[in-house]
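Coordinates in review
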4 protein chains.
Amino acid sequence: MEALVLEKKDVLTLRDIELKEKLGPHDVRITIHTVGVCGSDVHYYTHGAIGPFVVREPMVLGHEASGIITEIGAEVKHLKVGDRVCMEPGIPDPNSRATQLGIYNLDPAVRFWATPPIHGVLRPSVVHPAAFTFKLPDNVSYAEGAMVEPLAVGMHAANKAQIKPGDVAVVMGAGAIGILTALAALAGGCSQIILTDVQQEKLELAAKLGPIRPVNVAKEKLLDVVNELTGNWGADIVFECSGNERAASSVFQPLRPGGVVVFVGIPLSPVPISIAEAQVKEARIENVFRYAHVYPRALALMGSGKIDVKPLITDTFAFKDSIKAFEYCAHMPATSVKAQIELPQ
Amino acid sequence: MEALVLEKKDVLTLRDIELKEKLGPHDVRITIHTVGVCGSDVHYYTHGAIGPFVVREPMVLGHEASGIITEIGAEVKHLKVGDRVCMEPGIPDPNSRATQLGIYNLDPAVRFWATPPIHGVLRPSVVHPAAFTFKLPDNVSYAEGAMVEPLAVGMHAANKAQIKPGDVAVVMGAGAIGILTALAALAGGCSQIILTDVQQEKLELAAKLGPIRPVNVAKEKLLDVVNELTGNWGADIVFECSGNERAASSVFQPLRPGGVVVFVGIPLSPVPISIAEAQVKEARIENVFRYAHVYPRALALMGSGKIDVKPLITDTFAFKDSIKAFEYCAHMPATSVKAQIELPQ
Amino acid sequence: MEALVLEKKDVLTLRDIELKEKLGPHDVRITIHTVGVCGSDVHYYTHGAIGPFVVREPMVLGHEASGIITEIGAEVKHLKVGDRVCMEPGIPDPNSRATQLGIYNLDPAVRFWATPPIHGVLRPSVVHPAAFTFKLPDNVSYAEGAMVEPLAVGMHAANKAQIKPGDVAVVMGAGAIGILTALAALAGGCSQIILTDVQQEKLELAAKLGPIRPVNVAKEKLLDVVNELTGNWGADIVFECSGNERAASSVFQPLRPGGVVVFVGIPLSPVPISIAEAQVKEARIENVFRYAHVYPRALALMGSGKIDVKPLITDTFAFKDSIKAFEYCAHMPATSVKAQIELPQ
Amino acid sequence: MEALVLEKKDVLTLRDIELKEKLGPHDVRITIHTVGVCGSDVHYYTHGAIGPFVVREPMVLGHEASGIITEIGAEVKHLKVGDRVCMEPGIPDPNSRATQLGIYNLDPAVRFWATPPIHGVLRPSVVHPAAFTFKLPDNVSYAEGAMVEPLAVGMHAANKAQIKPGDVAVVMGAGAIGILTALAALAGGCSQIILTDVQQEKLELAAKLGPIRPVNVAKEKLLDVVNELTGNWGADIVFECSGNERAASSVFQPLRPGGVVVFVGIPLSPVPISIAEAQVKEARIENVFRYAHVYPRALALMGSGKIDVKPLITDTFAFKDSIKAFEYCAHMPATSVKAQIELPQ
């Protein structure tokens, strides 16, 4: 089948590749419709590696996907041919201790699309376990379905925060993950988001999506805004989504006594953390790695109209223009949030 | 001052009553603007008692109140004269063990407005602790401010449920508390509410307020609707708000394995509960008594537009027509949800 | 192989039965050493059914088992031939939604030893998934290993309670499950247990096992003891282990404001519960169905000396006397807690 | 009255000081019996300050105290003259938001003994709120009562960890707080503690107190021990009690997926933390600042024999030798854990 293959660092080709996939009794076969381009896909393209994960063999890219079921395994009961679906890209070892405990995202043996050496899904079809395949509500498009994967990160972060209705949250970073975390936090009970970035365009786009107060930290002090909006009490939650070391070091400043910090963005190097500052507020700190159990929840909130991701899909490319799409994403303008690639049907 | 006094069962008068109130250093004095009529006010009027609380002396009614601050104590810092406010009606003993633990609503020594022998606030003014007085956001009216008290019950129920974003909840009972619990649960993260009652008018009113699926249990089976909407998995949460014994007995039926039941309504007599049915699903059951710590959260959600209580304020009476208001509430039509009384300013 | 077979209600035979068991790649084969007799085993013998579970075909009894591994599947890594082990008797469907969430004990498709139509393990050997087989610490005997199954119920109850160090707990019922719950709760952080029953012998046995205050409710009022030991504040936790309807109805009386009730015993019929009584204390109620994830924890506490179950093993029978053992258990003297059957090695 | 006064850095005197204390209706007067010497007392003596807290006026030292009640306020009900007691040294503002929420230890306005400018209790008597004064069980001595303050830190850490029965915990640092945290964690449900330090004497003392595996990190690798004791899964909890920056940086290494880190020790400068390392295990990180609500729990566990602090009281001085005691503590031998000072009765 024809796929978008990362041959090695900096070299993408759209070419035939042989992928033998057998449909097991608990699997489904899916024709891919839409695939979002993630920062990690672009990073493999431009750097050839992310931390310990190095591209040593040609690898198909893409893991934010939706499509339609064309075949089901003998034991599959909750899905049928013709169902429009989206898929969790990580498949854990069903016999691992982490999986048994329900924290399958932490299973070291997980096989995750477009993480070397596992192929991604910028290709016509894929075989996938039914247990990690989720039916789209009728009013959710394929494009929105392909947004569930990045939204799931924000949903998982909102879950970890254990939001109480009415909480005020700071979200640091207005990239795709930051804005999706803001939307998940609002849908999850927050009354107000304070969103920081230095890209004015992204802040302005986000500010239209709900009670989101944008703060351009190049022009305005976050602490002043938080103090004004919370009567000097501090924010209940700080979601760090920028991955920026300086931001990650400053998370306790806007926090209220007894508040929660959630680290979503992944800083590349160790961050100097003032434990004493965290202690005097008894901050609870949660750390997020991908997600678990949130796809049906994200779809339910999209289906009932509580989360609308459409304004974030700023760019759509045809599959034949995939390489152009990746070049575009490697130098994304500040007005773009998420680019997607549509496969021919 | 002139107040609405319940002289004894069935006898209301609008008359002068002497209420000596001294402003302490941590208190504020408030001119009352709006007072909602609660089912408990009406019950004291029509029955002279609720359980162990018996009206033995004339008592001023009313505890759902908003107003404006006219005087502040020497130590009050976060409020000022002219602030528009609403008030928590219960004042706990600051030295009790429950208060110290932060569960002040469970302090047996709490003094609660319009619960014998404590006077309520259907009267021109009141002195109240600043710590239990909350400033209204500019875009929240006095009428909405007086709705915070019943909304607080729903907010507290939503808190106890520990909603996860995307949960599906059943709310049993479409009275004021049921609908407000539905709104709190939606604001708190639920994707979908399934609301039951036998009054078609109330269900229709509620169905316009969000992703709320009305179920008239006289005509339709709740279990069928839950199974359809959850793929036979069951609801994540059941809020029992009707106080009806038969409803309270049936809460485990629509629940998913590992789900949560919250008892909000107060059944008058013991309810036959199948422990075995609760065990096979390992239901967690939470019980709600009034509320604690939720007023600022309710106001934040109203201020940011995530909760709109205005459609529930179906009837407004002038203070001079207070007795008429209570007669109306004692025989409330199915189209009414909440009646309020406005005091002259 | 020769097994203890319940042919039908009241009819036990020790006879050959053909049980075809194939060792899969994730399975182990175990030679059974010791099997405890559970109340449910006896109930199937004397009644032929428990609720919806009816014995329609001959069934091998026994599910509280320990043994030694004689063969391992190709993919098994954490166990080896010669390991002394105990086994969780319930095997869930790995593809079910409950299993995926980590609440595998609530999977309706679980296959549980000696629950019709699944055979138990009063027989020489069994094939079992390695993921549900646990190595015994060197200082834990086979007899103790066979106690892990009932202890797991108490451990799971202690988990559900979310004990805070220093909690005072009431345990209602001094049968095997009640005493094991008391031991689990003490190991899990309780400072003091108040244990109720009407069998003086059992109370006296239990009182020797730790800070356990026995209360013979035929002679003494539980509420008086709780008030004395907690300064009239109430118990932090009530574990209902008797399954007695009257006890289950009374759980809120000794509870403190904000306390927790855990229903462990299974009342046969619905229990009249005063919701209002639960609400005024905002009781959290947890319900226990078997257990999940606790075997390694129980073994760790036994291995480190924090839980000693040996005093509860009051009777040991040889396999050839299995039928006598069941007759004994059907009319157990008050001085007995747990009878076990040892298989020839 | 005669008190141990820190005149300024390095200058201690035992002299008369006038301390006017009025007994309010909710207060008690206590004759001090025993006062433990805390590292912070010694630090004020040798450095004149701890972070932002600077000794600018002569200040009485000591905050780990027990004594006997000699007078009670008019409203005090749960205590009486002659009661043997210990006291929480921090008194929060009852009207603060943190106090109302039940997190009174985080109230910035808290007045804490021997934290400038508040006087400590190395003096004959003190007036204290009854709500922060706790009766000693009959079998708990004054010396043990004065250990409740440092034990409370460990108890609070154990609380924050939300230990599940059978957890394995690493405790870093075998000073008084480290060992007391280990004892609290064992009493709170841990099956096994792995305790690290470089002082062999302290490790040996601690190893006798329960299932505590000492690891001298100068001679042995912590990770090897953890892997051996947990089958390469990792520790459920890591309590960092050393305050050492290098230790604090290494907390995620021995942790299991989904584990908990509790920062108890206070590193003086920011610590380089690998967020990515925390994320891949989704570590929950809790931070501890003093304690709240744990005194009665600590006393309950001491009273029932589950925690024995006596082996940690290695040195006792008479009040007249207080200065000598401080000099001793400023250069404490590795065989010492806790020094106490006894006042004349």
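Throughout this document, residue positions are counted from 1 along each chain, in the order its sequence is written. For naming, the first written chain is A and the first written ligand is 1, with later ones following in the order written. With pLDDT at 70 or above as the cut-off, local features in this predicted model cover only qualifying residues; side-chain atom pairs require 80 or more to be listed or tallied, and sums for whole chains, interfaces and linings still use all residues. The basis for every side-chain value is the complete set of non-hydrogen atoms in the structure, without hydrogens or water.

A word on the domain arrangement of chain A
Residue and element names in this part refer to chain A. Quick note on the threshold: Residue ranges labeled as domains rest on an automatic or database domain assignment. Two parts placed together each lose some accessible area under a 1.4 Å probe, and adding up what both lose gives the buried area. Basic side-chain nitrogens of Lys or Arg form a salt bridge, by our definition, when they fall within 4 Å of a carboxyl oxygen of Asp or Glu. Throughout this description, a polar contact denotes any pair of N or O atoms lying within 3.5 Å of each other; where both atoms belong to protein, one of them has to be capable of donating a hydrogen while the other can accept it, and for residues adjacent in sequence the pair is counted only when both atoms sit in side chains. In this count, Pro and Cys sit with the nonpolar residues alongside Ala, Val, Leu, Ile, Met, Phe, Trp and Tyr, while Asp, Glu, Lys and Arg are called charged and the others, Gly among them, polar.
Domain parsing of chain A yields domain 1 (2-147 + 309-342) and domain 2 (154-287). The distance between the C-alpha centroids of domain 1 and domain 2 comes to 28 Å. On the domain 1 side of the contact with domain 2, Leu312, Ala334 and Val337 bury the most area, a combined 56% of that side's loss. Our enumeration of links across domain 1 and domain 2 arrives at zero salt bridges. Inspection of the domain 1/domain 2 interface yields two residue pairs in polar contact (both at pLDDT 80 or more). Considered class by class, the residues forming the side of domain 1 that touches domain 2 number seven nonpolar, four polar and no charged.

With respect to the environment of B:Leu223
Residue and element names in this part refer to chain B. The following threshold applies: Here a helix means four or more residues in a row that DSSP labels H or I, a strand means two or more in a row labelled E, and each is numbered from the N terminus. Contacts are assigned to residue pairs with any non-hydrogen atoms lying within 4.5 Å of each other.
Take Leu223: it is sitting in helix H7 (residues 222-230). On a C-alpha basis, the gap between Leu223 and Glu282 in space is 19 Å, while along the polypeptide they are 59 residues apart. Not counting residues up to four positions away in its chain, the partners in contact with Leu223 are Gln253 and Pro254.

Digging into the interface of chain D and chain A
Basically, it comes down to this: Each pair of strands is called paired provided DSSP finds at least two bridges between the two strands.
Listed per partner, the contact involves 37 residues of chain D and 37 residues of chain A. Summed over both sides, the interface of chain D with chain A buries roughly 2900 Å², with 61% coming from carbon and sulfur. Note that D:Glu282 and A:Lys160 form a salt bridge whose closest N and O atoms lie 3.0 Å from each other. When contributions to the side of chain D that touches chain A are tallied by element, the ones reaching two or more residues are helix H2 (97-101), helix H4 (148-161), strand S17 (255-263), strand S18 (271-273), helix H9 (275-280) and strand S19 (284-287) of chain D. Sheet analysis places strand S18 (residues 271-273) of chain A next to S18(D), joined by three bridges and oriented antiparallel. Pairing of A:Pro272 across the sheet is with D:Pro272, part of S18(D).

Examining the sheet that holds strand S2 (residues 11-16) of chain A
All names here are of chain A. Here is the rule we go by: For helices, the fitted axis covers only the stretch in contact; all axes are lines through C-alpha atoms, and the angles between them, taken along N-to-C directions, range from 0 to 180 degrees.
The three strands are arranged S2-S1-S6 in an open sheet whose pairing can be described as antiparallel. Two strands in the sheet have a free side with no partner beyond their single neighbour: S2 and strand S6 (59-60). Where strand S1 (residues 2-8) lies against S6, two bridges are found, and the strand directions are antiparallel. Its bridge partner being in S6, Val5 is matched across the sheet by Val60. Along the sheet face, helix H11 (residues 322-330) touches S1 and S2 and points at about 160 degrees away from the line of S2.

Quick word on the relation of the copies chain D and chain A
Stated precisely, the cut-off is as follows: A residue counts toward the fit only if its pLDDT is at least 70 in both copies, and the copies are then superposed by least squares on the C-alpha atoms of those residues.
Laying chain D over chain A is done by rotating through 180 degrees and shifting 0.0 Å along the axis; what remains is an RMSD of 0.0 Å. The relationship between the two copies is best expressed as a two-fold rotation axis. Nearest to the rotation axis, the C-alpha of D:Pro272 is located 2.1 Å from it, this being the minimum over chain D. The fraction of interface residues of chain D whose copies in chain A are also interface residues reaches 100%, indicating that both copies meet through the same surface.

Quick notes on the interface of chain C and chain B
Tallying the contact residues gives 37 residues for chain C and 37 residues for chain B. When chain C packs against chain B, the two sides together hide about 2900 Å² of surface, and 61% of this comes from carbon and sulfur. Joining chain C to chain B, the criterion identifies 19 residue pairs in polar contact (both at pLDDT 80 or more). Contributions of two or more residues to the side of chain C that touches chain B are made by helix H2 (97-101), helix H4 (148-161), strand S17 (255-263), strand S18 (271-273), helix H9 (275-280) and strand S19 (284-287) of chain C.

Considerations on the relation of the copies chain C and chain B
With an RMSD of 0.0 Å, the operation that places chain C on chain B is a rotation of 180 degrees combined with a shift of 0.0 Å along the axis. Take the interface residues of chain C: 100% of them recur as interface residues in chain B, which is what a same-surface contact looks like.

A few points about the side chain of C:Asn287
Here C:Asn287 lies in strand S19. Side-chain polar atoms of C:Asn287 contact the backbone oxygen of B:Ala283, separated by 2.9 Å. In this view, C:Asn287 contacts B:Ile275, B:Ala278, B:Gln279, B:Glu282, B:Ala283, B:Ile285, C:Lys160 and C:Phe263; residues no more than four positions away in its chain are not counted.

Topic: the packing of aromatic side chains
Convention followed: Geometry of aromatic contacts follows a simple scheme: Phe, Tyr and Trp rings, the Trp one being its six-membered ring, pair when their centres are within 6.5 Å, and the pair is stacked under 30 degrees between planes, edge-to-face over 60, tilted otherwise. Each residue gets one of three labels from its accessible area relative to the maximum for its type: buried under 20%, exposed over 50%, partly exposed in between, using a 1.4 Å probe on protein chains only. Geometrically, a charge over a ring is one whose NZ (Lys) or CZ (Arg) sits within 6 Å of the ring centre while staying within 35 degrees of the ring normal.
Applying the stated rule across the entire model yields 20 aromatic pairs over all chains. Residues B:Tyr291 and B:Tyr295 carry aromatic rings whose centres are separated by 5.8 Å and whose planes lie at 50 degrees to one another, so their mutual orientation is tilted. The pair B:Tyr291 / B:Tyr295 is uniform in exposure class, with both members buried. Ring centres of C:Tyr104 and C:Phe132 lie 5.3 Å apart, and the angle between their planes is 80 degrees; on these two criteria the pair is classed as edge-to-face. Here the residue C:Tyr104 occupies a position in the loop between H2 and strand S10 (111-112), and C:Phe132 occupies one in the loop between strand S11 (125-129) and strand S12 (133-135), the gap between them amounting to 28 residues. Its relative accessible area of 8% is what places C:Phe132 among the buried residues. Site record: aromatic cluster; members linked through ring pairs are A:Phe134, A:Tyr291 and A:Tyr295. The ring of A:Phe112 has A:Arg290 sitting right over it, with the charged end atom 3.8 Å from the ring centre.

Brief notes about unusual backbone geometry
Between A:Pro116 and the following residue, A:Pro117, the backbone shows a cis peptide bond with an omega angle of 5 degrees. Along the chain, the position of A:Pro117 falls in the loop between strand S10 (111-112) and strand S11 (125-129). Of note in the backbone geometry, B:Ala114 takes a positive phi value of approximately 60 degrees without being a glycine. Locating B:Ala114 in the fold gives a position in the loop between strand S10 (111-112) and strand S11 (125-129). Given the relative accessible area of 2%, B:Ala114 is considered buried. The phi angle at C:Asn232 is positive, at roughly 65 degrees, despite the residue not being glycine. Summarising the element assignment, C:Asn232 is placed in the loop between helix H7 (222-230) and strand S16 (235-240).

Considerations on the confidence of the model for chain A
Let me state the cut-off plainly: Each residue gets a pLDDT score, which is the predictor's confidence in that residue and runs from 0 to 100.
Chain-level pLDDT for chain A is 97 on average; 100% of the residues reach the 70-or-more range. Scored as a whole, the predicted complex attains pTM 0.97, and scored at its interfaces, ipTM 0.97.

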